[in-house]
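Residue-level listing of the chains:
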4 protein chains.
Amino acid sequence: MSNTIGSRFKLTTYGESHGLAVGGIIDGCPSNLSIDFEAVRADLARRRQGAARQEEDAVEWLSGIKDGITLGTPIAFSIKNKDTHPEDYEALKDCYRPGHGDYTWQQKFGIRDHRGGGRASARETVARVVAGAVAKQVIAPVEIHAEVAELGPEAEGDTRGGIVSCRISGLPAGVGDPVFGKLNARLAHAMMCIPSAIGFEMGSGFAAARMKGSEYVDRWIGERLKVKGERYADATGTSPLTSTNHCGGVQGGISNGMPVEFRVAFHPVVTLPGEVECLTESGELRMVTVGGRHDRCHVLRTPVIVEAMAALVLADFLV
Amino acid sequence: MSNTIGSRFKLTTYGESHGLAVGGIIDGCPSNLSIDFEAVRADLARRRQGAARQEEDAVEWLSGIKDGITLGTPIAFSIKNKDTHPEDYEALKDCYRPGHGDYTWQQKFGIRDHRGGGRASARETVARVVAGAVAKQVIAPVEIHAEVAELGPEAEGDTRGGIVSCRISGLPAGVGDPVFGKLNARLAHAMMCIPSAIGFEMGSGFAAARMKGSEYVDRWIGERLKVKGERYADATGTSPLTSTNHCGGVQGGISNGMPVEFRVAFHPVVTLPGEVECLTESGELRMVTVGGRHDRCHVLRTPVIVEAMAALVLADFLV
Amino acid sequence: MSNTIGSRFKLTTYGESHGLAVGGIIDGCPSNLSIDFEAVRADLARRRQGAARQEEDAVEWLSGIKDGITLGTPIAFSIKNKDTHPEDYEALKDCYRPGHGDYTWQQKFGIRDHRGGGRASARETVARVVAGAVAKQVIAPVEIHAEVAELGPEAEGDTRGGIVSCRISGLPAGVGDPVFGKLNARLAHAMMCIPSAIGFEMGSGFAAARMKGSEYVDRWIGERLKVKGERYADATGTSPLTSTNHCGGVQGGISNGMPVEFRVAFHPVVTLPGEVECLTESGELRMVTVGGRHDRCHVLRTPVIVEAMAALVLADFLV
Amino acid sequence: MSNTIGSRFKLTTYGESHGLAVGGIIDGCPSNLSIDFEAVRADLARRRQGAARQEEDAVEWLSGIKDGITLGTPIAFSIKNKDTHPEDYEALKDCYRPGHGDYTWQQKFGIRDHRGGGRASARETVARVVAGAVAKQVIAPVEIHAEVAELGPEAEGDTRGGIVSCRISGLPAGVGDPVFGKLNARLAHAMMCIPSAIGFEMGSGFAAARMKGSEYVDRWIGERLKVKGERYADATGTSPLTSTNHCGGVQGGISNGMPVEFRVAFHPVVTLPGEVECLTESGELRMVTVGGRHDRCHVLRTPVIVEAMAALVLADFLV
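Residues numbered from 1 in each chain as written. Chains lettered and ligands numbered in written order. Predicted model: local features only at pLDDT ≥ 70, side-chain atom pairs only at ≥ 80, totals over all residues. Heavy atoms only, no water.

Caption draft 1: Spotlight on the relation of the copies chain B and chain A. The transformation that overlays chain B on chain A combines an axial shift of 0.0 Å with a rotation of 180°, and the residual RMSD is 0.0 Å. Such a turn and shift between the copies fits a two-fold axis. Of all interface residues in chain B, 100% are interface residues in chain A too; the two copies therefore contact each other through one and the same surface. (Least-squares fit on C-alpha atoms with pLDDT ≥ 70 in both. Contact = heavy atoms within 4.5 Å.)

Caption draft 2: A look at the packing of helix α4 (residues 183-192) of chain D against helix α7 (residues 303-318) of chain D. Residue and element names in this part refer to chain D. It is the contact of α4 with α7, at a shortest axis distance of 9 Å, that shows an interaxial angle of 140°. Relative to α7, α4 is oriented oblique. Two packed elements cross with a definite hand, and for α4 against α7 that hand is right-handed. Counted together, L183, R186, L187, A190 and M191 of α4 and V306, M309, A310, V313, L314, D316 and F317 of α7 form the full contact between these two elements. By residue class, the composition of the contact of α4 with α7 is ten nonpolar, no polar and two charged. (Axes fitted to C-alpha atoms, helices over the stretch in contact; angles between N-to-C directions. Helix = DSSP H or I, 4+ residues; strand = E, 2+ residues; numbered from the N terminus. Parallel < 35°, antiparallel > 145°, perpendicular 65-115°, else oblique. Left-handed = near helix turned anticlockwise from the far one by under 90°. Nonpolar A, V, L, I, M, F, W, Y, C, P; charged D, E, K, R; others polar.)

Caption draft 3: Structural context of the interface of chain B and chain A. Contacts between the two partners involve 101 residues from chain B, matched on the other side by 102 residues from chain A. Of the roughly 8,100 Å² buried where chain B meets chain A, counting both sides, 64% is carbon and sulfur surface. Of all residues in chain B, K108(B), F180(B) and W220(B) give up the largest surface area on contact with chain A, accounting jointly for 12% of the area buried on that side. Joining chain B to chain A, the criterion identifies four salt bridges. The tally of links from chain B across to chain A stands at 29 residue pairs in polar contact (both at pLDDT 80 or more). Split by residue class, the side of chain B that touches chain A holds 46 nonpolar, 32 polar and 23 charged. Of the strand pairs in this sheet, strand β11 (residues 197-202) of chain A and strand β11 (residues 197-202) of chain B are connected by three bridges, and their pairing is antiparallel. By the bridge assignment, F200(A) is partnered in β11(B) with F200(B). (Buried area = accessible area lost by both parts, 1.4 Å probe. Salt bridge = Lys/Arg side-chain N within 4 Å of Asp/Glu carboxyl O. Polar contact = N/O pair within 3.5 Å; in protein donor to acceptor, adjacent residues only side chain to side chain. Pairing = 2+ DSSP bridges.)

Caption draft 4: Just the pattern of salt bridges, in detail. All names here are of chain A. Inspection of every chain in the model, using the stated rule, returns 90 salt bridges over all chains. Measuring nitrogen to oxygen at the nearest pair gives 3.0 Å for the salt bridge that ties D57 to R123. Of this pair, D57 sits in the loop between α1 (37-48) and β4 (59-61) while R123 sits in the loop between α2 (102-109) and α3 (125-139); the two residues are 66 residues apart in sequence, bridging distant segments of the chain. Among the residues examined, D57 registers a relative accessible area of 5% and is labelled buried. (Buried < 20%, exposed > 50% of the residue type's maximum accessible area, 1.4 Å probe, protein only.)

Caption draft 5: Expanded view of the environment of L314(A). All names here are of chain A. Tracing the sequence through the fold places L314 in helix α7 (residues 303-318). Residue classification places L314 among the buried residues on the basis of a relative accessible area of 0%. Between the C-alpha atom of L314 and that of V142, which follows or precedes it by 172 residues, the distance is 9.1 Å. With residues up to four places along the chain from it excluded, the contact list for L314 reads I139, V142, I144, I168, L171 and L183.

Caption draft 6: Main features of the interface of chain C and chain D. Taken together, the 101 residues of chain C in the interface contact 101 residues of chain D. Both faces considered, chain C and chain D share a buried interface measuring about 8,200 Å² in area, 64% of it formed by carbon and sulfur atoms. Looking at the side of chain C facing chain D, the largest losses of area belong to K108(C), F180(C) and W220(C), adding up to 12% of the total buried there. Between D177(D) and K108(C) there is a salt bridge, with the nearest N and O atoms lying 3.2 Å from each other. Across the side of chain C that touches chain D, the residue classes break down as 46 nonpolar, 32 polar and 23 charged.

Caption draft 7: Representation of the packing of aromatic side chains in the model. Throughout the structure, instances matching the rule amount to 26 aromatic pairs over all chains. Taken together, the ring pairs connect F37(A), W61(A) and F77(A) into an aromatic cluster. Seen from the ring of F109(B), K108(B) lies directly overhead, with NZ or CZ sitting 5.8 Å from the centre. (Phe/Tyr/Trp six-rings, centres within 6.5 Å; stacked < 30°, edge-to-face > 60°. Lys NZ or Arg CZ within 6 Å of the ring centre and 35° of its normal.)

Caption draft 8: Main features of the sheet that holds strand β4 (residues 59-61) of chain D. Residue and element names in this part refer to chain D. A sheet is described by the order of its strands in space; here five strands give the open sequence β1-β2-β3-β7-β4, paired in antiparallel fashion. Two strands lie at the open edges of the sheet, namely β1 (4-5) and β4, each paired on one side alone. The pairing of strand β3 (residues 21-27) with strand β7 (residues 75-80) spans six bridges and is antiparallel. By the bridge assignment for β7, G24 is matched with F77.

Pasting the structure below:
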């Protein structure tokens, strides 16, 4: 039921891994924005790098844009699934892989598309990357940069997790809502919506829990320009506000003009090579060689998804 | 603007630290539920333990309950702020403490109630604990237990952070929504809405990022009872579903019937004893002795808040 | 469950007719607005005029306002129910009056507060009038004026319905959202939420269905000032845009700068004097003399409620 | 921004009249529902009858359905616009037709797709009819029947308005939410979202405003079966609940088990044949012969749209 994120700049996605198409509707995109389609393609290429599945990811723009300019109406887009091998998944029709959402989706819906993980597949994130690339253009000149900060151990034939760090620069002070709409909480939600995300921390994060208060507190820098009364102070970045940034640029749920910094932990993909023990519908265990194509180190593909999710959150605040 | 959490079981809170009252409206509570007011008082007492500020926390129930039974209409409640010392905060009228939301709220709203942190104060969480205590009764027999797992270093006169772990037991499989409504993502959001929360992880969390895939994957246990077709399978707990619980009981965003386990990192409170350097409205630094009463180790008071937020999330899924 | 109206300027109301209090939370009110409490009292007095029940309607402002200025945080308010006569309703404990919501609420919730209609009572509208009076200040200089356009037949001892007309002036062009957020549709929703509202029409309304197209179409007036490119053109009203206003100032769901005009039909109140035949819980009919105090011509009290609902809709678009 | 209707069974539509496609996403459709595609085609045919524009309305189902069965995931669908004549609208590039949304959309968005009304075109309703046809299957055995009750005067070469009546039968008591979620208010909103709708009334509607209370009140019928305690009483219809149905089957915002009856007034279409006086962007008047194909009596095509909107509202309550 929750296929929509955002309340002002909203993305609703659709599509199963081996269905006809994956796509979405962006509602709330400002009008008169000139869309840079090349930037969209570049982000899609980053998401594809090293992928086992070969998809062209050609985006069909169905509405909301005329002559490259947004109309202020819903932007619908569609990406056909072309490189599908449904036959690879025949063995999974009546059993559940360990670690996957096969079992839980079946419990919730009483039905599932077993081919390639159906809607639980990370294939769905292609729609987020498209929308995220649009959102980045909406929030410019705010910039988002994510990168792999750490990779899990390399082991022969095994899959690897890792940690992605993200830095948002150019964001003015005053962005975020108090109480239940905190910028950090909205980012945490967005990041944990990425398949295989298992941890989130702002600034110094878990390490901050082990600091003394006097170590943790970010101190004001004196030569900061006079604080002006405007709603959103300018974040030129020429002089930082605080000497450290343990809080990650957010105080009381609202940005303070420093870079917003956070990290996302990803567990290794749970599709292991070779035979795995699956749970059948009748409650027995069965050894199955899972087909399909699966990444060994999917973390390398996630920074652009992290950026997309961050852009969606920010666009929702900034439009 | 975002003072509401939930879409089916909804809590909207209000109130400033030194205003007349703090409280909320619960909308969507099922009718014909007999409210255990003693349980509400017990949770409020847990939140008060070791608090510097002495509040009686007497809850006035304004609507939605008749003769102790819920009517299905909004439950409004109010808690008067009694132990307020607004004069302690005079020095903060025109300057911003380091680490607090003083500066960011001023940037966003162009005004703030400087007394005791205004609405950014953790005083607001008293309303969450009241609503959380109601939510716990709504989701029974599901049980939530949070406790301090780790405390930051004790240092003379300094403040301490820490880590709280939480375990939800009795939750059936099938709870959670895919994509942007994942149970883990909703929990992450809720936890990061707690003042001073700075990190969140499900199950093995950040440690999972450093595991090999073959270590991480939670394996099926064979003797599990036959999986039945019902929407929500029974989570009797008599026999676990998997041999490990690295994922924290959620797969593909949906509960699998194992205990849901997560941890929340809290940074030390940023109100340091003694003189601190504040930023004035005119952009200068000024040494200020911050008055008011502040906890040295607030983490001890947070488990009941963690439980309340988890209960609100679950009630929203289960009603 | 639907005790909230609005998505940006939001009002959530609470309270039963004979409970402790009726009130609400306004979320999304801009900060730094100076509240005119006298205007709130004046609107409450309009709502009280000719009322059978005598209430003082003293508003307790619990949060969100400091020294008369809004903080941008939730504005909670409470009005104690003082003139309650619960004993008048004893006879209704186990039976349903004709025409009322007694039966339907019981069917939905399995419980109801039978005293004075409980939450279905028009007593709840006092909270809307308070919030509406605040909303009017938010949308100034846009002005809303409603009045009784027509009263139903006067009959000895009977109750009367009527029609209220409303005119919004000073609203610029460009307000409203297409498709499902049309200004006219949002107004229709808001008006039909008023107890006893049974019809709504924009501009010429039902009469327009009987016009020929060439009669109906509102024609441009030539001397209109050059249309400027701004998002919201100025609606000075010095020169009208069209020669007629059959559409009621809204085209394609969006205001055109002409006055917004609509009418709301109210049926007579369904509490008839004397004995009425009620349906008992066991499905029999029983003659009951319904106690309580009820207006014979409640329509006279509705214009300020119509204005309040219109103000809430507009504030939601304009903040 | 408001291209979504519903909160549990949600429809988001997209598409411009002369863009590539019109379509939507249905989110919240229950899983395991077998879709009757023939019923969808039949409703589309009803919408097409007598249409000036010739569209095949072939629906491409992109997701959410596998082997004809719903998966519980978003159902995306797309209908290509084939019979487009953009050249017919060249004259409207820089001027606004009277009565249309041309001017207001330009004021709001600063841009518009002038071809065939762009997104303001009734072409968009094709997506609603598709989703409505699905919604009807979700709410079965509840039945919705709308028909033209009255047509405006026939005049040579002129356009005609009219009134459509709608009756929902089989709806149990207890459907609807109090206060701001009233079934009648939600229906009013949905109906007023249909292009050219200008009035709405429940039951006796505006006529009820002119009745005496003793005439208006719907009286209980004695032989009604014992009211059972269930949440939704059975609406067998074998014996009516009340002797009249002036209220239109809704009391206190909640259905009472009687047929839900309402009427919608439509004004004549505002595209008149021949030359019309348009407002240019520079604020002058210009005689323009408007091209494109336009219905003279569009009311004949609206009953299926009224049914679709009613079905969407009901599905949102019933899922």
